[in-house]
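# Report on the structure
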Amino acid sequence: MMKDHARHYGLDARELTRLRAFHCIRVAGQISRTDIARELDSSPATVTAACGALLEAGLIREVDAERIDSGQRGRPRVMLEVNGEALAVAGIKVARHAIHVTIVDFKGVEIGSHLSPLAVSCMPAEALVRAVRQALDDALAALDLSVDAVAGAALGLPGFINGETSFMHWSSSVEERNVDFGPLFARHLPCPAFLENDANLVAKAEQFFGEGRGLHNFLVVTIEHGVGMGIVQNGQLYRGERGCGAEFGHMKVQFEGALCQCGQRGCLEAYVGDYALIRDASVGRQSDAHKSLTDILESARAGDRLSGEVLERASKILGVALASLVNLFDPQHIVIARLRPRFDDVHTQAMMEALRRNTVQVDAPLPGITVRNLDESMWARGAAAHGIEMVSIMKIRAGRDQDAA
Ligand SMILES: [Zn+2]
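What you see is a predicted model, and the numbers here were worked out from it, not measured in a lab.

Bringing the overall build of the protein chain into the picture now. When helices and strands are tallied, the protein chain shows 13 helices and 16 strands. Projected onto its principal axes, the C-alpha positions of the protein chain cover 75 × 55 × 40 Å. Each of the 405 residues in the protein chain was classed as buried or not, and the buried ones make up 52%. At a minimum sequence separation of 6, the contacts of the protein chain that also span at least 24 residues come to 62%.

Here it is in structure tokens:
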């Protein structure tokens, strides 16, 4: 897993150990050097050297010695933690109608959030980056923070995105295909910025703040306008060779089936994404019959047959697709995060039933499944968690030049 980091970020072996130690400290909250060495299966001397460099860079700090046995005057045990005050990072999520900005300290503790409305949901890349700059400026002004306080910003977009290179192959939020966001960020943003797939960011948020804490292998499925997925394997986000894997929403569930917003046919999200439900529940009606998922849910509750059928079919198709995930990955846990409104229990039950019936039969319990509400703050917190990682990689690499000097 960590080999991926080395390959993609150009870190040498010594820098990689620093990054691994930093990651370990972030996940643990507070941890001793001895426990880091055990966790990383590394020698105490190597870990001590790596932590020394992180301390010198100001990324971590030693905390008040905690006695191993409080009843004795033993040798104090020095713990390490991320230096929260070291730097601030902005997590930014571009949704369809708003840009959500969350500023966090280096530990990921929220300093403040701000929501800027977005007039159109799809625009040219440059206009989007300008809108992000405006949203960031508005957030900093509202929180009375200086732009110099922000060491980096991570931006989450839906679509096929290479998180290592900030290259976007396709996104439903951007008019063009194949956009390198690096130069646009450099031109318009006041700090280093990093682009990442938004479902990967939710996976990061779950890993650091949610259900994924302490888990090594889990999946996060996001359902809103489209369907996304983040894969955490051996404690690391799995991105694939071209950086655009884990496209669960575009897994084909029907040969030559319904048209998807990606341009292909038969994709999962063409059956279960919000836009697909609105389309399918509006067949044969006036064009504005169902404008949102809430309309469809209310219609179904009022006894409308088509609305009920569309929701039931979507729930079953999602359950079958989730079973394929269990069959492929055998994860410890799957988090299903859906934007409001909440589905009725009957639909969740239909999904779970389809999942159970289509999972390969072994004499072992199914992985844990959590269905949770997905709010914009979760995306932005995940973006901030990603920003912290990218800024620390930047700082670790900057240390190289000092080491050489
Ligand atoms: Zn598709």
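Our focus in this paragraph is the domain arrangement of the protein chain. Segmentation of the protein chain into domains returns domain 1 (2-83), domain 2 (88-203 + 378-391) and domain 3 (212-374). A straight line from the C-alpha centre of domain 1 to that of domain 2 covers 29 Å. With 10 residues of domain 1 at the contact, the number on the domain 2 side is seven residues. Carbon and sulfur atoms supply 56% of the area that domain 1 and domain 2 bury against each other, a total of about 850 Å² over both sides.

Around a metal, the perfect tetrahedron of four donors has angles of 109.5 degrees, and the perfect octahedron of six donors has angles of 90 or 180 degrees. Of the protein atoms, only His250 (ND1), Cys260 (SG), Cys262 (SG) and Cys267 (SG) coordinate the zinc ion, at distances of 2.0 to 2.4 Å. Coordination at the zinc ion is tetrahedral: its four donor atoms span angles of 106 to 117 degrees at the metal. The motif formed by the donor residues of the zinc ion, counted along the single chain, is H-x9-C-x1-C-x4-C. Of this pair, histidine 250 sits in the loop between strand E14 (236-237) and helix H8 (269-272) while cysteine 262 sits in the loop between E14 and H8; the two residues are 12 residues apart in sequence, bridging distant segments of the chain.

A regular strand places its side chains on the two faces of the sheet in alternate fashion. Counting buried residues in strand E7 (residues 150-157) gives eight out of eight residues, a clear majority hidden from the surface. By the bridge criterion, six bridges tie strand E4 (residues 88-94) to E7 in an arrangement that is parallel. Within E7, the residue paired with lysine 93 across the bridge is glycine 156. With five bridges joining them, E7 and strand E11 (residues 193-197) adopt parallel strand pairing. Note on E11: the bridge partner recorded for glycine 156 is glutamate 196.

Once that is clear, we can look at the sheet that holds strand E9 (residues 167-170). Judged by pairing direction, the sheet is antiparallel, and its three strands sit side by side in the order E8-E9-E10 without closing on themselves. Whereas interior strands pair on both sides, the edge strands pair on one side only; in this sheet they are strand E8 (160-162) and strand E10 (179-180). When E8 meets E9, the two strands line up antiparallel, connected through three bridges. Its bridge partner lying in E9, phenylalanine 160 is registered against tryptophan 170.

Even without glycine at this site, aspartate 144 takes up a positive phi of about 60 degrees. Considering the arrangement of structural elements, one finds aspartate 144 in the loop between helix H5 (125-143) and E7.

Moving on to the pattern of salt bridges. One pass over the full model with this rule turns up 18 salt bridges. Its salt-bridge partner being arginine 38, residue aspartate 35 comes within 2.8 Å of it at the nearest N-O pair. In this pair, aspartate 35 and arginine 38 both sit in helix H3 (residues 33-40), three residues apart, roughly one turn of the helix. Between glutamate 206 and arginine 372 there is a salt bridge, with the nearest N and O atoms lying 2.8 Å from each other. Of this pair, glutamate 206 sits in helix H7 (residues 198-209) while arginine 372 sits in strand E16 (residues 368-373), placing them 166 residues apart in sequence. Bridged by salt links that share partners, the residues Arg61, Glu81, Glu85 and Lys107 form one connected network.

Moving on, we come to the sheet that holds E16. Read from one edge of the open sheet, five strands run E14-E13-E12-E15-E16, paired in mixed fashion. One side of each edge strand has no neighbouring strand; the edge strands of this open sheet are E14 and E16. Examined bridge by bridge, strand E15 (residues 333-338) and E16 share six bridges and lie parallel to one another. If you follow valine 335 over to E16, its bridge partner there is threonine 370.

It is worth spelling out the side chain of histidine 188 at this point. Mapped onto the secondary structure, histidine 188 falls in helix H6 (residues 181-188). Residue contacts for histidine 188: discarding those within four places in its chain leaves Glu126, Val129, Arg130 and Arg133.

Turning our attention to the packing of helix H10 (residues 293-301) against helix H11 (residues 305-329). Where H10 meets H11, the axes come as close as 7 Å, and the angle between the chain directions of the two elements is 115 degrees. Two packed elements cross with a definite hand, and for H10 against H11 that hand is left-handed. Side by side, H10 and H11 meet where Ile296, Leu297, Ser299 and Ala300 of the first sit next to Ser307, Gly308 and Leu311 of the second. Of the residues that constitute the contact of H10 with H11, the class distribution is four nonpolar, three polar and no charged.

Each value, and the rule that gives it
Residues numbered from 1 in each chain as written. Predicted model: local features only at pLDDT ≥ 70, side-chain atom pairs only at ≥ 80, totals over all residues. Heavy atoms only, no water. Helix = DSSP H or I, 4+ residues; strand = E, 2+ residues; numbered from the N terminus. Buried < 20%, exposed > 50% of the residue type's maximum accessible area, 1.4 Å probe, protein only. Contact = heavy atoms within 4.5 Å. Domains from an automatic or database assignment. Buried area = accessible area lost by both parts, 1.4 Å probe. Donors = N, O, S within 2.8 Å, 3.2 Å for Na, K, Ca; no water. Tetrahedral: all angles 85-135°; square planar, octahedral: opposite > 155°, others 65-115°. Pairing = 2+ DSSP bridges. Salt bridge = Lys/Arg side-chain N within 4 Å of Asp/Glu carboxyl O. Axes fitted to C-alpha atoms, helices over the stretch in contact; angles between N-to-C directions. Left-handed = near helix turned anticlockwise from the far one by under 90°. Nonpolar A, V, L, I, M, F, W, Y, C, P; charged D, E, K, R; others polar.

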